[in-house]
Amino acid sequence: MPPDISVRQLVKHYVVPERAGGLRASFRSVLRRKHRLVRAVDGISFEVERGEVVGFLGPNGAGKTTALKVLSGLLHPTDGQVDVLGYTPWDRRAEYLSRITLIMGQRQQLFWDLPAADSFLVNKAVFGIDDAVYKRTVDLLTELLDLGDLLTKPVRQLSLGERMKVELAAGLLHTPRVLFLDEPTIGLDVTMQQRIREFVTAYNAETGATVLLTSHYMADVKALARRVIVIDQGKLLYDGALAGLVQRYAPHKTITVHLERSVDLPDLNGQAEVLSVEGLQVTVRAGKDDAPEVTGRLLTQLPIADLSVEDPPLEEVIDQVFRGDGP
Amino acid sequence: MILRRTTLAGALALTRAEIADMFQYRVVLFLYSLWEVVHPIVYLAVWGAIAGEGDVGGLRLSDFAAYYLTFMLVSHVTAAIEIYTFGPMIQQGELSPHLLRPMNPVWVAAARNISYKSVSMLLLIPVWIGLVIILRPTFSITAGSALLFVVALVVAALLSFLVGTTFALLAFWTTRSFSFWEIWIGLTFLLGGQIAPVELLPGFVQNLATALPMRYTLGFPIEVLLNRLDAGELALGFVLQFAWLIAAALIVRTVWRAGIRQYSAVGA
Ligand SMILES: Nc1ncnc2c1ncn2[C@@H]1O[C@H](COP(=O)(O)OP(=O)(O)O)[C@@H](O)[C@H]1O
Ligand SMILES: [Mg+2]
């Protein structure tokens, strides 16, 4: 089976007029307008198999939204090839649009003053969903998203989180096979983020849909995606298992020892830094390459009851990746 | 614009939702409708004052009353509001959700047009009937003219919608599409049968009005209904009206495609 999503050497550059400060500069810019090239996406390639959930990571301005817009057909790329379900997205064929969805945190596709149910009926007609399928889908979404009576209240009366749930449902009525989710949990409180995450997992399990999602909440990515694609400044930095990302980019390890009795700590030779001493529990941090040696020294020189070596939290790793001082 | 089965159903569902939505804006609707009532009354008052007990170019006060009362309905049915409804949608990047549905967003503009008109028509009709009772116009309508009127009115509404859409689409390139729209509004005011029935315009200007599209969005259906045209003028009028309709449809399609190309290049 060919992959659902196949991206080859995708490039999207924006040409933006340079806005100069000052009267003289702006006068000059009227005469000869200067342009600046923004390399939002600068040659990335990847594939996503049917049913995969892939996290698309990167700092603000990395090019995530731009890439998703190209994949969903809103943007025409500057260069490169994209194939999603056998279609070229920016042809925006009706059959293609019926098989995908793009859901953005701040997107507003619902009628503000009407109950969402009214907007749903519009989508039902536009996508040509027949009655039985429509009913089944709404029931499923109502259950998975716990929509309750949210569909019958005017959208403007819903909280941000409730609105997001309803927007998600609206974007999924036509049971798309590929979901592009751009920051689906942005601005939501922790509980609601959790709910949305659980929903995406359940939806993926239930329908086998392929999901490509961006988020800058690490919790989202940890909970949802086994595979991540990291981009920065339009370039692909990493594509692989979430665990591998930590392996590769974790700058250091955290070593925690439980002592049998209180003793002085040995000289760590500047290879490790003591993070905390709490009773008999000592935590030190060592560079990745130094970790084995430090561990060995601790084991031989201290009366140790228990020792564990851990990778730092994902947040720290990602931070490291984006600061560009990884390997 | 290919017509798919779901497109019509979609447009219909959209219109239904838009109508429901429209009722939220009763005050705005009321004010617009008030304007639609007031401005033809002003032209009528002016022409009535000029005509007095006599006539202007063969038109008596009661003829002007018939003309401008018909105008009131026709200008309402053919009003182009796309510069207010569709233009801002493009400008504010609200087009994207619509582009992700398998239906051309121009249908969204159409649905909004139809819903606006059907709702505000409810306000206009009672006022209109009241004015007919007060002003006692002489409508010289025949069965034939009424039938042709319906055709001319529908084509005028379509043409006007396409023109409005074309100007709204300029928002893909410029933030000043309103300025261009003002030009169209000005020309319609002068040449479309608004400030004066086209038959009262001086010869050269009248020829211009006959050739240009403005009259076919407004004055022409009125002239048809009130039997102001002879057979030759009628035939020429319909030919030109249909020709402008086809031209406008082609223009909208071309501008839309170019606009979408622009939109998907600079960033939706
Ligand atoms: N429509 C646009 N026109 C010009 N530049 C844009 C446009 N959209 C995004 N950019 C720029 O492209 C880069 C990538 O943006 P974006 O794709 O939104 O990143 P992300 O979603 O990862 O935060 C940023 O530098 C952003 O300022
Ligand atoms: Mg983004």
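Each chain has its residues counted from 1, running along the sequence as written. To read the labels, note that chains go from A and ligands from 1, taken in the order they are written. Two thresholds apply to this predicted model, a pLDDT of at least 70 for residue-level local features and 80 or more for giving and counting side-chain atom pairs, whereas whole-chain, interface and lining totals are computed over all residues. Working from all heavy atoms in the structure, the side-chain values ignore hydrogens and water.

Moving on, we get to the packing of aromatic side chains. What counts as a ring pair is set by centres within 6.5 Å for rings of Phe, Tyr and Trp (its six-membered ring), and what kind of pair is set by the plane angle: stacked under 30 degrees, edge-to-face over 60, tilted for all other angles. Under the defined criterion, the tally for this structure stands at 19 aromatic pairs over all chains. Taking 6.2 Å as the distance between ring centres and 80° as the angle between the ring planes, the aromatic pair formed by Tyr32 of chain B and Tyr116 of chain B counts as edge-to-face. You can see Tyr32 of chain B sitting in helix H2 (residues 26–51) and its partner Tyr116 of chain B sitting in helix H7 (residues 106–135), a full 84 residues away along the chain. For every residue, the accessible area obtained with a 1.4 Å probe (protein chains only) is divided by the maximum for its type, and the residue is called buried under 20%, exposed over 50%, and partly exposed between those limits. Overall, Tyr116 of chain B belongs to the buried group, its relative accessible area being 7%. Taken together, the ring pairs in this structure connect Tyr43, Tyr67, Tyr68, Phe71 and Phe189 of chain B into an aromatic cluster. The ring of Tyr134 of chain A carries the charged tip of Lys124 of chain A above its face, separated from the ring centre by 5.7 Å. What counts as a helix is a DSSP run of H or I of at least four residues, what counts as a strand is a run of E of at least two, and both are numbered from the N terminus. Working rule: Lys NZ or Arg CZ, within 6 Å of ring centre, within 35 degrees of ring normal, means a charge sits over the ring.

What follows covers the domain arrangement of chain A. Note: domain ranges come from an automatic or database domain assignment. Taken as a whole, chain A is organised into domain 1 (5–246) and domain 2 (251–310). Computed from C-alpha atoms alone, the centre-to-centre distance between domain 1 of chain A and domain 2 of chain A is 44 Å.

Attention shifts here to the nonpolar core. Among buried residues, those of type Ala, Val, Leu, Ile, Met, Phe, Trp, Tyr and Cys that are joined through side-chain atoms within 4.5 Å constitute a nonpolar core. Ile5, Phe46, Leu71 and Phe180 of chain A together with Phe86 of chain B are the most contacted members of the largest nonpolar core, which has 107 residues in total. For this core, the leading source of residues is helix H8 (residues 143–169) of chain B, giving eleven residues. Beyond its immediate stretch of four places on either side in the chain, Ile5 of chain A contacts Phe46, Glu47, Val48, Leu71, Asp83, Val84, Val178, Phe180, Thr210 and Leu212 of chain A. Formed by 36 residues, the second largest nonpolar core is a distinct cluster that contains Ile103, Phe127, Leu158 and Val200 of chain A. Residue contacts follow a heavy-atom distance rule, with two residues in contact if any of their heavy atoms lie within 4.5 Å.

Attention shifts here to the pattern of salt bridges. We define a salt bridge as a contact between a side-chain nitrogen of Lys or Arg and a carboxyl oxygen of Asp or Glu at a distance within 4 Å. Summed over all chains, the structure comprises 14 salt bridges over all chains. Two residues, Glu18 of chain B and Arg112 of chain B, come together in a salt bridge whose shortest N-O distance is 3.0 Å. Taken as a pair, Glu18 of chain B in helix H1 (residues 5–22) and Arg112 of chain B in helix H7 lie far apart in primary sequence, 94 residues in all. As a salt-bridge pair, Arg228 of chain B and Glu199 of chain B come within 2.8 Å of each other at their nearest N and O atoms. Pair noted here: Arg228 of chain B is in the loop between helix H11 (219–225) and helix H12 (231–266) and Glu199 of chain B is in the loop between helix H9 (177–191) and helix H10 (203–211), with a separation of 29 residues, a long-range link. Arg228 of chain B sits in the partly exposed class, given a relative accessible area of 28%. The partly exposed category is assigned to Glu199 of chain B, whose relative accessible area is 29%. Bridged by salt links that share partners, the residues Glu52, Arg227 and Asp239 of chain A form one connected network.

Time to look at the sheet that holds strand E3 (residues 53–57) of chain A. Residues and elements named next belong to chain A. A strand pair is defined by DSSP finding two or more bridges across the two strands. In spatial order, the strands read E5-E6-E7-E3-E8-E9; together these six strands make up an open sheet with mixed pairing. Looking at which strands have only one partner, the edges of the open sheet turn out to be strand E5 (100–104) and strand E9 (235–241). Here the strands of the sheet are splayed against their neighbours by 15° on average, with no regard to which way each runs. Sheet topology places E3 next to strand E7 (residues 210–214); four bridges connect them, and they run parallel. Looking at E7, one finds that Val53 is bridged to Val211. Axis geometry follows a simple rule: fit a line to the C-alpha atoms, using only the stretch in contact for helices, then measure angles between N-to-C directions, giving values from 0 to 180 degrees.

Bringing the packing of H1 of chain B against H7 of chain B into the picture now. Residue and element names in this part refer to chain B. Two elements in contact, H1 and H7, have axes separated by 8 Å at closest approach and are oriented at 45°. In terms of axis orientation, H1 runs oblique to H7. In this structure, H1 crosses over H7, and the sense of that crossing is right-handed. From H1, Thr7, Leu8, Ala11, Leu14, Thr15, Glu18, Ile19 and Met22 reach across to H7, where they touch Trp107, Val108, Ala111, Arg112, Ile114, Ser115, Tyr116, Ser118 and Val119. All residues other than Ala, Val, Leu, Ile, Met, Phe, Trp, Tyr, Cys, Pro, Asp, Glu, Lys and Arg, Gly among them, are scored as polar; the first ten of these are nonpolar and the last four charged. Class assignment of the residues belonging to the contact of H1 with H7 gives a composition of eleven nonpolar, four polar and two charged. Small angles under 35 degrees read as roughly parallel and large ones over 145 as roughly antiparallel, with 65 to 115 read as roughly perpendicular and the rest as oblique. Handedness of a crossing follows from how the near helix is turned relative to the far one, being left-handed for an anticlockwise turn of less than a right angle and right-handed for a clockwise one.

Once that is clear, we can look at the interface of chain A and chain B. The interface is formed by 26 residues belonging to chain A together with 26 residues belonging to chain B. Buried area adds together the accessible area that both of two parts lose upon being put together, with accessible area traced by a 1.4 Å probe. Between chain A and chain B the total buried area reaches about 2300 Å² when both faces are included, carbon and sulfur atoms providing 65% of it. Ranking the residues of chain A by area buried against chain B places Leu74, Phe111 and Val126 of chain A at the top, with a combined share of 25%. The interface formed by chain A and chain B includes zero salt bridges. Two N or O atoms form a polar contact when they lie within 3.5 Å of each other; inside protein one atom must be a possible hydrogen donor and the other a possible acceptor, and for residues adjacent in sequence the pair counts only when both atoms belong to side chains. Inspection of the region where chain A meets chain B yields five residue pairs in polar contact (both at pLDDT 80 or more). Broken down by secondary-structure element, the contributors of at least two residues to the side of chain A that touches chain B are strand E1 (5–17), helix H3 (94–97) and helix H4 (116–126) of chain A. Among the elements that make up the side of chain A that touches chain B, the one with the highest residue count is H4 of chain A (five residues). Here the side of chain A that touches chain B is built from residues that sort into 13 nonpolar, seven polar and six charged.

All names here are of chain B. Nonpolar side chains collect at one region of the surface, where Val27, Phe30, Leu31, Leu34, Val38, Val42, Val46, Ile50 and Leu123 lie side by side and expose about 790 Å² of accessible area between them. In terms of residues, the nonpolar patch owes the most to one element, H2, which gives eight residues. The residue Val27 is located in helix H2 in this model. Think of a patch as exposed residues, more than 30% relative accessible area, with no salt bridge, where like charges cluster within 9 Å and nonpolar side chains (Val, Leu, Ile, Met, Phe, Trp, Tyr) cluster within 5 Å. For accessible areas, the Shrake-Rupley method is used with a probe of radius 1.4 Å. Any residue's cover is judged against the shown protein chains and nothing else.

Residues and elements named next belong to chain A. If you walk across this open sheet you meet the four strands as E11-E12-E10-E13, and the pairing is antiparallel. Two strands lie at the open edges of the sheet, namely strand E11 (272–278) and strand E13 (304–310), each paired on one side alone. Each adjacent strand pair in this sheet contributes to an overall mean axis angle of 20°, direction not counted. As paired elements, strand E10 (residues 252–259) and E13 share six bridges and run antiparallel to each other. Opposite Leu259, over in E13, you have Ile304 as the bridge partner. Running over the sheet, helix H10 (residues 291–301) touches E10, E11, strand E12 (281–287) and E13 and is turned about 10° from E10.

Per-residue confidence from the predictor is given as pLDDT, running between 0 and 100. Here chain B averages 93 in pLDDT, while 99% of its residues score no lower than 70. The ipTM for the predicted assembly is 0.85, set against a pTM of 0.86.

This brings us to the side chain of Ser120 of chain B. All names here are of chain B. Tracing the backbone shows Ser120 in helix H7. At 3.1 Å, the side chain of Ser120 forms a polar contact with the side chain of His76. Here the side chain of Ser120 touches Tyr116 through a polar contact of 2.7 Å, landing on its backbone oxygen. Not counting chain neighbours up to four residues away, the residues in contact with Ser120 comprise Leu29, Ser33 and His76.

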